[in-house]
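Here are the chains, one letter per residue:
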Protein chains: 2
Amino acid sequence: MIDDLFAVVLAGGSGTRFWPASRRLMPKQLLAIGPEPDSLIAATVRRIESLVPAERTLIATGVHLLDETRRVLSWLPSAAFLGEPIAKNTAPCIAWASWEVVRRNPNGVVMVLPSDQHVGDPQAFLDAVRRAVESSARGPITTIGLLPTRPETGYGYIEAGAESSPGVRDVARFVEKPDRARAEEYAASGRHYWNSGMFFFRADVMQAAVREHLPEMAAGLDRVFSLPPAQRARAIAEEFERFPSISIDYGVMERARSLAVVPASFGWSDLGSWQVAWELASKDAQGNAAPAGAVLAGARGNLVRDLRTDGRERVIALVGVEGLCVIETDDALLVIPRERSQDVRVVVDELKARGRSELV
Amino acid sequence: MIDDLFAVVLAGGSGTRFWPASRRLMPKQLLAIGPEPDSLIAATVRRIESLVPAERTLIATGVHLLDETRRVLSWLPSAAFLGEPIAKNTAPCIAWASWEVVRRNPNGVVMVLPSDQHVGDPQAFLDAVRRAVESSARGPITTIGLLPTRPETGYGYIEAGAESSPGVRDVARFVEKPDRARAEEYAASGRHYWNSGMFFFRADVMQAAVREHLPEMAAGLDRVFSLPPAQRARAIAEEFERFPSISIDYGVMERARSLAVVPASFGWSDLGSWQVAWELASKDAQGNAAPAGAVLAGARGNLVRDLRTDGRERVIALVGVEGLCVIETDDALLVIPRERSQDVRVVVDELKARGRSELV
């Protein structure tokens, strides 16, 4: 364990991709969508607890999610939770967390982790994290770059330069989501990595970068942290009103002077859809991932999830269907082909249009 | 109304084809599976009430179904219900009903109707029934033969002979379920009709036919009806133990001397599967039959039924799926392609094999 190491877990997701499981008040990170029995955020916090103890773990989430997030991370001290008054993308909350860490420990080193990803090989993950922490402790803001396993057009890429120390490379540039041809080029290049959304930095380095690139945000945070603790929550709410909605990538990283990337591979998945949940799930010989009691006859490659909480026994029977997601909650049932599972947002949009906000 | 006319509605169905809606204790005829809001049996009784009043309507059902059957036919007198102690196919219960009718009215004419069919044109149905009643009053056991609308291999056929009176033909013979080639021949022949399972006869004629062809059954029923009313239920139970399990077609009709058929066409359906329920249901422009609140996006030709009774609001969303049946009850969810809906029995078999008798 590194004494000065803090974790900031970003848990502000809006949660439409896993409807009907995910809702505005129950976004993906609070759900056990992956192959583990834990919620994704609990799995994220558990995954790093050998490096960062509970008292140096911060959870940045929306105020509307604070209660439920505290519930699934009940072993964390209540001071661990930073409630963002308004969703303003990642830069404001990472900046806020950096100020908070500097206040607690001027030598603090921060790892920022998304709360809703899957890691298949936790040991390889921790190895990469350690390397990134060491790199960032030497100065450069460091990211983890994932070795592409397919020409994915849905992610941003990091183009790496020379190796600066063993297992660490300079960042040549950040690249936006590419088109298909370019994605294929990147996947084959050996110097492009998926941007994992995991950042490592010395809190004072991030503070200096925010002062340089987002000076009004820095001034606002200085004002907040000059106040007595009891007045800070209200001051943060006022500042968030004014902050621009901007990502840390765009607001800081892409303009930063010294950046490093740790190339890594640890069975990572962004768990972006029911399709991916099926890919990661345990399946029977016919490729079905379903509750133990389900009746499956001539059914292949289906994902069945019974997420009802009313405790009533219910049998789910699939006969002769292939490649479907069948997802049940207390108040909704979704049937959608796996391969179209990213289209679940049309249901969310339709329910919003009908004024059925209780269902989204 | 014909004063001597009685109706015997056969309501002994076992109900696996509409699982999860139908159960051992809730077979098809007790469900509102068709396009009408009524249960099929209630629709059957209502359909003939201009011809047969409640006090001359008998309902033959299994003892285990008596309570629920009385509930959906609450306006019938309780003496209307004949509870079969054991399912022994149609001959024993039609014979029993014939003895009962003779006891009430020696000149009684009986129409026997299945309880679980759909009639699209009730006026044409009543016209055919009137013709069949008149024919049977003249002596011959009379059936309604339905004009085939397709080369169906799932039904028995009646081969008609000469016209004996307007709209009534002699029966040349009964034909078992044919193979495909023969079914095509029958459908085109102009003298083969589907056996509708509707029979019309003078009760004394049926009694004589049973005495001739099933003499032990006749003796048993004579014994029962020689007893005081209070002792008959127990005696019937004893006799049913001994009765063979045999259909009226095989036990009586195919051996009877004088048989007639009334060819007819009245939008009849045996409502044999969820597929047929979909065919008869009101559908939207995309061919979906679904509850009003359902969200259907790129979904075509689906049958969605929400038969839960817990009163909790629940949205059903189908995205990009085609030709599915999605059937929900309080304790089960079925997803099956419409065209395979006759395979629902594999689920029933599987649940029985697992000892989940509460679900079948």
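Residues numbered from 1 in each chain as written. Chains lettered and ligands numbered in written order. Predicted model: local features only at pLDDT ≥ 70, side-chain atom pairs only at ≥ 80, totals over all residues.

1. Remarks on the overall build of chain A
How we decide: Secondary structure elements follow DSSP: runs of H or I no shorter than four residues count as helices, runs of E no shorter than two count as strands, and numbering proceeds from the N terminus. Just to be clear, the radius of gyration here is over C-alpha atoms, and the globule rule we use is 2.2 Å times residues to the power 0.38. Exposure is read from a count of other C-beta atoms within 10 Å of each residue's own; the residue is exposed at 12 or fewer, buried at 20 or more and partly exposed in between. C-beta atoms are placed from the backbone. Contact criterion: two residues are in contact if their C-beta atoms, reconstructed from the backbone, are within 7 Å.
Secondary structure summary: chain A contains eleven helices and 16 strands in total. In summary, chain A has a C-alpha radius of gyration of 21 Å against a globular reference of 21 Å for 360 residues, a match within 12%. If you line up chain A on its principal axes, its C-alpha atoms span 60 × 50 × 40 Å. Counting across all 360 residues of chain A, residues that qualify as buried make up 49%. Put simply, of all contacts in chain A between residues at least 6 apart along the chain, 62% involve residues at least 24 apart.

2. Describing the sheet that holds strand β13 (residues 303-306) of chain A
As a reminder, the rule being used: A pair of strands is labelled paired if DSSP reports no fewer than 2 bridges between them. Helix axes use the C-alpha atoms of the stretch in contact, all axes being lines fitted to C-alpha atoms, and the angles between their N-to-C directions lie in the range 0 to 180 degrees.
One open sheet holds the five strands; their spatial order is β13(A)-β15(A)-β16(A)-β14(B)-β12(B), and the pairing between them is mixed. In the strand order of this sheet, the two ends are held by β13 of chain A together with β12 (295-297) of chain B, each with one partner. Pairs of neighbouring strands in the sheet enclose a mean axial angle of 5°, with direction left out of account. Direction of pairing for β13 of chain A relative to strand β15 (residues 324-328) of chain A: parallel, over a ladder of four bridges. Paired with aspartate 306 of chain A across the bridge in β15 of chain A is glutamate 328 of chain A. Strands β16 (332-337) of chain A together with β12 and β14 (315-319) of chain B of the sheet are contacted by helix α11 (residues 345-353) of chain A, whose axis makes an angle of about 130° with β12 of chain B.

3. Quick word on the interface of chain B and chain A
Using the following cut-off: Here the nonpolar group is Ala, Val, Leu, Ile, Met, Phe, Trp, Tyr, Cys and Pro; Asp, Glu, Lys and Arg are the charged ones; every other residue, Gly included, is treated as polar.
Every contact between the two is made by 30 residues of chain B and, on the other side, 30 residues of chain A. Of all the secondary structure elements, the ones that give two or more residues to the side of chain B that touches chain A are β12, β14, β15 (324-328), β16 (332-337) and α11 (345-353) of chain B. When residues in the side of chain B that touches chain A are grouped by element, the largest group, six residues, is from β16 of chain B. A class-by-class count of the residues in the side of chain B that touches chain A yields 21 nonpolar, one polar and eight charged. As paired elements, β16 of chain A and β14 of chain B share four bridges and run parallel to each other. Within β14 of chain B, the position partnered with alanine 332 of chain A by the bridge is valine 315 of chain B.

4. A short note on the sheet that holds β16 of chain B
Spatial strand order, β12(A)-β14(A)-β16(B)-β15(B)-β13(B): five strands in an open sheet with mixed pairing. Two strands lie at the open edges of the sheet, namely β12 (295-297) of chain A together with β13 (303-306) of chain B, each paired on one side alone. With direction set aside, neighbouring strand axes in the sheet form an average angle of 5°. Contacting β12 and β14 (315-319) of chain A together with β16 of chain B, α11 of chain B runs over the sheet at an angle of about 130° to β12 of chain A.

5. Thoughts on the domain arrangement of chain A
Residue and element names in this part refer to chain A. Counted only if it meets this: Residue ranges assigned to the domains are those given by an automatic or database domain assignment.
Under the domain assignment used here, chain A contains domain 1 (5-269) and domain 2 (274-359). On a C-alpha basis, the centres of domain 1 and domain 2 stand 30 Å from each other. At the interface, eleven residues of domain 1 touch 16 residues of domain 2.

6. Considerations on the packing of helix α7 (residues 215-226) of chain A against helix α8 (residues 229-242) of chain A
Residues and elements named next belong to chain A. Note the cut-off: An angle counts as roughly parallel when it lies under 35 degrees, as roughly antiparallel when it exceeds 145, as roughly perpendicular when it falls between 65 and 115, and as oblique in every other case.
Their axes nearest at 9 Å, the elements α7 and α8 cross at an angle of 170°. Between α7 and α8, the crossing angle belongs to the class labelled roughly antiparallel. Residue-level inspection shows Gly220, Leu221, Arg223 and Val224 of α7 in contact with α8, the latter providing Arg232, Ala235, Ile236, Glu239 and Arg242. Of the residues that constitute the contact of α7 with α8, the class distribution is four nonpolar, one polar and four charged.

7. Let's talk about the relation of the copies chain B and chain A
To keep things clear, this is the line we draw: Least-squares superposition of the copies uses the C-alpha atoms of those residues scoring a pLDDT of at least 70 in each of them.
Take chain B, turn it by 179°, move it 0.1 Å along the axis, and it overlays chain A with an RMSD of 0.1 Å. Both copies of the chain, as the preceding transformation shows, are related through a two-fold rotation axis. For chain B, the residue whose C-alpha comes nearest the rotation axis is valine 335 of chain B, separated from it by 4.5 Å. Take the interface residues of chain B: 100% of them recur as interface residues in chain A, which is what a same-surface contact looks like.

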